[in-house]
Each structure stands twice: as C-alpha cells, then as structure tokens.
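Coordinate inspection notes
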Amino acid sequence: MMLRALPIISLLIVTPALAQTAAGPVLPQEADGSPVAMVRPPSVIDLPTVLRLAQTANPRIGIEEQAIAGTEADRITAGALPNPRASYTGSYQPAELTNFSTRRGQEASVELPLLLGGKRGARVTAANRRIYAARAQAAVTRLDIATDAGTAFVTLLAAQEAVVVRHRAVEELSRLRSVVAGRRSSGVASDYDLVRVDVEVEAARADLADAEVDVISAQADLSNALGVSGWRPEASGRLDGLARLSAGPRRSIDALPSVVAALADERVARADVIAARRERFPEVSLNGGRFWTTSPFGPTYSLGVSLEIPLFDRRNGAVRKAESDARAAEFRTQIAKSRAATEIERYAAQVDTRSAALATFNRQIGAKLPQLGQMAEDAYRLSGGSVNELIDATRSRFENEVTRIDLSRKLAEAMLRLELAHGEGAGDHP
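Residues numbered from 1 in each chain as written. Predicted model: local features only at pLDDT ≥ 70, side-chain atom pairs only at ≥ 80, totals over all residues. Heavy atoms only, no water.

On a plain count of helices and strands, the chain comes out with 10 helices and six strands. Taking all 430 residues of the chain together, 40% fall into the buried category. When contacts within the chain are restricted to residue pairs at least 6 apart in sequence, long-range pairs at least 24 apart make up 83% of them. (Helix = DSSP H or I, 4+ residues; strand = E, 2+ residues; numbered from the N terminus. Buried < 20%, exposed > 50% of the residue type's maximum accessible area, 1.4 Å probe, protein only. Contact = heavy atoms within 4.5 Å.)

Now for the pairing of strand 6 (residues 298-307). Where strand 5 (residues 284-293) lies against strand 6, 10 bridges are found, and the strand directions are antiparallel. Among the inter-strand pairings, Gly289 is bridged to a residue of strand 6, identified as Ser302. The hairpin formed by strand 5 and strand 6 contains four residues between the paired strands, and Ser295 there has a positive phi angle of roughly 55 degrees. (Pairing = 2+ DSSP bridges.)

Its place among the elements puts Arg320 in helix 8 (residues 316-364). Taking the C-alpha atoms as reference, Arg320 lies 8.3 Å from Val273; in sequence the two are 47 residues apart.

Take the packing of aromatic side chains next. For the coordinates displayed, the defined rule picks out zero aromatic pairs. Positioned above the aromatic ring of Tyr347 is the side chain of Arg346, whose terminal nitrogen or guanidinium carbon lies 5.7 Å from the ring centre. (Phe/Tyr/Trp six-rings, centres within 6.5 Å; stacked < 30°, edge-to-face > 60°. Lys NZ or Arg CZ within 6 Å of the ring centre and 35° of its normal.)

For the rest of this paragraph, the subject is a nonpolar patch on the surface. Together, Leu112, Leu114, Leu116, Phe281, Leu286, Leu303 and Val305 give the surface a local cluster of nonpolar side chains, amounting to about 610 Å² of exposed area. Only strand 3 (104-114) and strand 6 provide two or more residues apiece to the nonpolar patch. Mapped onto the elements, Phe281 comes out in the loop between helix 7 (257-278) and strand 5. Judged by its relative accessible area of 36%, Phe281 falls in the partly exposed class. (Patch = residues over 30% accessible without salt bridge, like charges linked within 9 Å, V, L, I, M, F, W, Y side chains within 5 Å. Areas by Shrake-Rupley, 256 points an atom, 1.4 Å probe, with all protein chains shown as cover. Salt bridge = Lys/Arg side-chain N within 4 Å of Asp/Glu carboxyl O.)

Along the chain, the position of Lys119 falls in helix 5 (residues 119-185). Once residues lying within four places of it in the same chain are set aside, the contact partners of Lys119 are Arg278, Glu279, Phe281, Pro282 and Glu283.

With that out of the way, let us pick up the pattern of salt bridges. Under the definition given, this model contains 27 salt bridges. Residues Glu323 and Arg277 are paired through a salt bridge, measuring 2.9 Å at the closest nitrogen-oxygen approach. Separated by 46 residues along the polypeptide, Glu323 in helix 8 and Arg277 in helix 7 bring together distant segments of the chain. Its relative accessible area of 44% is what places Arg277 among the partly exposed residues. Overlapping salt bridges, with partners in common, bring together Arg166, Arg196, Glu200, Asp207, Arg395 and Glu399 in one network.

Moving on, we come to the sheet that holds strand 3. Strand order in the open sheet formed by four strands is 2-3-5-6, and the pairing between neighbours is antiparallel. Of all the strands in the sheet, the pair left with one neighbour each is strand 2 (85-92) and strand 6. Put simply, the sheet's adjacent strands are angled 15 degrees from each other on average, direction ignored. Two strands pair when backbone bridges link them, and strand 2 and strand 3 are joined in this way by eight bridges, in the antiparallel orientation. (Axes fitted to C-alpha atoms, helices over the stretch in contact; angles between N-to-C directions.)

Here we come to the packing of helix 6 (residues 191-226) against helix 10 (residues 387-421). Where helix 6 meets helix 10, the closest approach of the two axes is 10 Å, and the angle between their N-to-C directions is 15 degrees. In this view, helix 6 runs roughly parallel relative to helix 10, as classed from their interaxial angle. Once helix 6 is placed against helix 10, the crossing between them reads as right-handed. Each of Tyr192, Asp193, Arg196, Val197, Glu200, Ala203, Ala204 and Asp207 in helix 6 lies in contact with helix 10, whose residues at this interface are Val387, Asn388, Ile391, Asp392, Arg395 and Glu399. Split by residue class, the contact of helix 6 with helix 10 holds six nonpolar, one polar and seven charged. (Parallel < 35°, antiparallel > 145°, perpendicular 65-115°, else oblique. Left-handed = near helix turned anticlockwise from the far one by under 90°. Nonpolar A, V, L, I, M, F, W, Y, C, P; charged D, E, K, R; others polar.)

This part takes up the side chain of Gln55. Along the chain, Gln55 falls in helix 3 (residues 47-56). Accessibility expressed as a relative area gives 2% for Gln55, which makes it buried. Among the polar contacts listed, one links the side chain of Gln55 to the backbone oxygen of Arg142, at a separation of 3.1 Å. (Polar contact = N/O pair within 3.5 Å; in protein donor to acceptor, adjacent residues only side chain to side chain.)

The next thing to look at is the environment of Asp254. Of note, Asp254 is situated in the loop between strand 4 (234-235) and helix 7. Asp254 sits in the partly exposed class, given a relative accessible area of 40%. When the C-alpha atoms of Asp254 and Thr333 are compared, they prove to be 9.8 Å apart, with 79 residues separating the residues in sequence. If we skip the residues at most four places from it in the chain, Asp254 touches Val259, Val260, Leu263 and Lys337. Among the polar contacts listed, one links the side chain of Asp254 to the side chain of Lys337, at a separation of 3.3 Å.

Looking now at helix 3. Counted residue by residue, helix 3 has eight buried out of 10 residues, so it is predominantly covered. Among all positions in helix 3, only Leu47, Pro48, Thr49, Val50, Leu51, Leu53, Ala54 and Gln55 are buried.

Helix 8 packs onto helix 7 with a crossing angle of 170 degrees between their chain directions and a minimal axis gap of 8 Å. Between helix 7 and helix 8, the angle is such that the two are roughly antiparallel. For the pair helix 7 and helix 8, the sense of crossing is left-handed. In the contact of helix 7 with helix 8, the residues fall into 13 nonpolar, two polar and 10 charged.

Estimated volume of the largest pocket: approximately 660 Å³. In terms of lining residues, the largest pocket is bounded by 25 residues, among which Val140, Asp144, Ser258, Arg339 and Ala340 are the most central. Only helix 5, helix 7, helix 8 and helix 10 provide two or more residues apiece to the lining of the largest pocket. Of all the elements, helix 8 adds the most residues to the lining of the largest pocket, at 10 residues. Residues belonging to the lining of the largest pocket are distributed by class as follows: 14 nonpolar, four polar and seven charged. (1 Å grid on protein atoms, 1.4 Å probe; cavity = no way out; pocket = protein on both sides within 12 Å on 5 of 7 lines; lining within 4 Å. Points joined across faces, edges and corners; volume = space filled by probe spheres on them.)

Structure representation (structure tokens):
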C-alpha cells in the first residue's frame, strides 16, 4: 500500500531541507537567474513523489530560497570594511597675500573610518545567525507544503475509492431494478416496487456525481499544494492496511522544525542586542592630508583623528528596542515548544483512536456487508421480502463501504500529520 512509505517521510522532507539551502536555490533557473517554468508532474502520482515535489518544485520554496540569498547578501554587507573618503580643496588669494606667500594653494586629504568596539564582529555574528534562521524557516515552509500536499493526496485517494464504490452502487441498483422489473412483468411485484427502485437508482447516480465532484476538488487541492496549474492528477495506491502502520520515533521538542526556527530567531534577537550595544561605541576616523602651494612651492602634511562625542544621542533607544525584541523572541520560543508538543499529542491520540475505530468497524461490520446484500436479495426473491428491505440493505451496504473509506482516510491523514510533526531538525547552530 502507498502509505507504507510513511516511516521514510522524514528522509524525503526535512533531511535535505537545509542541505539544499546551503547549495543554493533548488528551483531551476534561466541564465539571468529567473526561475523557469516547472515541469508538469506525471498524471498518475504516488505519495513519495508528492512529498518529493512538495520539497523541490513548489514556488513557495523559491521565495524561501530567495530570502536565504538575501540574508547571505546581508552577511557580505556586515563583513565589509568601511570605505575611505577622499577630499580635495583649492585655495586662491585674489588680493594682498595674507595667508601664504602665493596666490594659489591646494589641499587633499583622506579619511578612513575605524570600526572599533567590536562593531564589525557583532554585525557579522548577527548576519550569520540570520542566515541560519532563514534556512530554519525554509525547513518549516517545506513541512507545511508537504503537509498540505500529503493531506490532499490522501483526500484524493479516498475520493477515488468513494467513486468506485458509488459506481458499484449504481450498477448494483440497476441490476436490482432488472430483477424487480422481471417480477413486475410476471405479476409478483407492484408498480410501486419498480418506481421505488427507479428513485433509488437516480439517488445513487446523484451520490456518484457528488463523489466525482469531490475528486475534482481534491485534485485542485493537490494541484494548489504543489503550485501546478491545470493539473488533474490520479492518485496511485490504496488506503488498506492502515492499522499496521506506525509513525516514526519521537524526537526531542528542541529538534522539531518549528521550534528550531523559533530558537534561531531568538538567537538572532540576542545577537542584535550585542550588536546594538557595540554600536554605542563612538565613531572614530583616521585622517591624513597634504597642503601645498605653487610659486613658490611649499608642502604641509597633516595626520589626525576624528572622534564622535556622544553628547546628545548615546543610542540607548536602539539597545532597549533590541532587548525588547529579544524578550519577545523568548516568549515566541516558549509558544512554539508548547504548540509543537500539543500538536504531536493531538495527532498521536487521533491515530490511536482512529486505529481502534477502523479495527472495530472492520471486525464488527466490514465482513458482514456482502452477506447483508445477498441475504436481502434472497429474502426478496424467495420469501416475499419487501422492496424497501432490499433497497435499504443495498444502500446500507454501500454507505458503510463509504464510511470505511472515510475512517481509513482520517486515520491516514492523522498518521501522515504525526509523521510530519516528527520531522527532523537540521544542523548545528552557527
């Protein structure tokens, strides 16, 4: 069964997530760097393929990759040394020589800002942590996309199986109509019996139409989840055997992708506090120059230091703002841990409850459904059973098959979400 691939979901989803970001965008690009059109996925698709495409082909991943590229560009800016500034001034005395013994003088100077007080190192550290935070957020986005796409796939698979059941219901009721029509022609059945079956056949056709619409809706959801337009896929696989599936091993809360991303943001906020404190160090510049005259020629050299006096603005506001953001980041981390733990507990409980419900249904009802239809038909043919009993038994049989499909779908979705919630974190902190 297709969903036996669930235990390897973490290998398909998060393991390559940050490794791919280190190598650059995963989306194909033109020569000018713009993304090319995505290759259309196959018309028949299975769950591993869906999860792989969710990690590599969705345009939302391209947005995250460009965010990472932006933080890497900021790292270049943070590590760059300040540019020197050059100036030139010409002097002219039109009348009596009062400043120097010539009418013309020239001056050139160079000023070099100095990043003292650990400013550059703090900026680089904060920039490095922003790169890691962007990669952690990209991993969260990949998991979100995989969850949406995987859930849409399971829904599509269930909708397809429901269409099969509805088709069988129409065929079975059409066959029973022939039986009733034959009995009517022989005078055993009444006109009411024939009309009653005709009404039920049309109701079954309406249910079939609804099931086919559900397939179209599920196809659109899967297409949207993967970011592909005009795609009408067919899901490959079945929902059987879900009671034998099990989710992957539990991971530490701090290793869950959403918590990793929150912790990364918290580390960025702390680095910003250090950087804001370093920025309070006064700006210092080293300058040197040369002044010279012509007719007669005479040079003068100078060397000096320019120092900012923090008299009015000591940049305390920036420090307090950074400290406030750091405290807020700590609260967001606590929320992320609590939410992640709650989600895992929720899906684990759902898996247990839905597994038990499906097992009970299969044990108590599933094996009896074929017998129910045959017993009702035999009673109608041989012992004078009513047409209503025949129709009720037939409808009950197929409605319960649809119920079994729905139970299997809900179990599969819960197991998929639980497996994805246990997705691996990645990498060491920078």
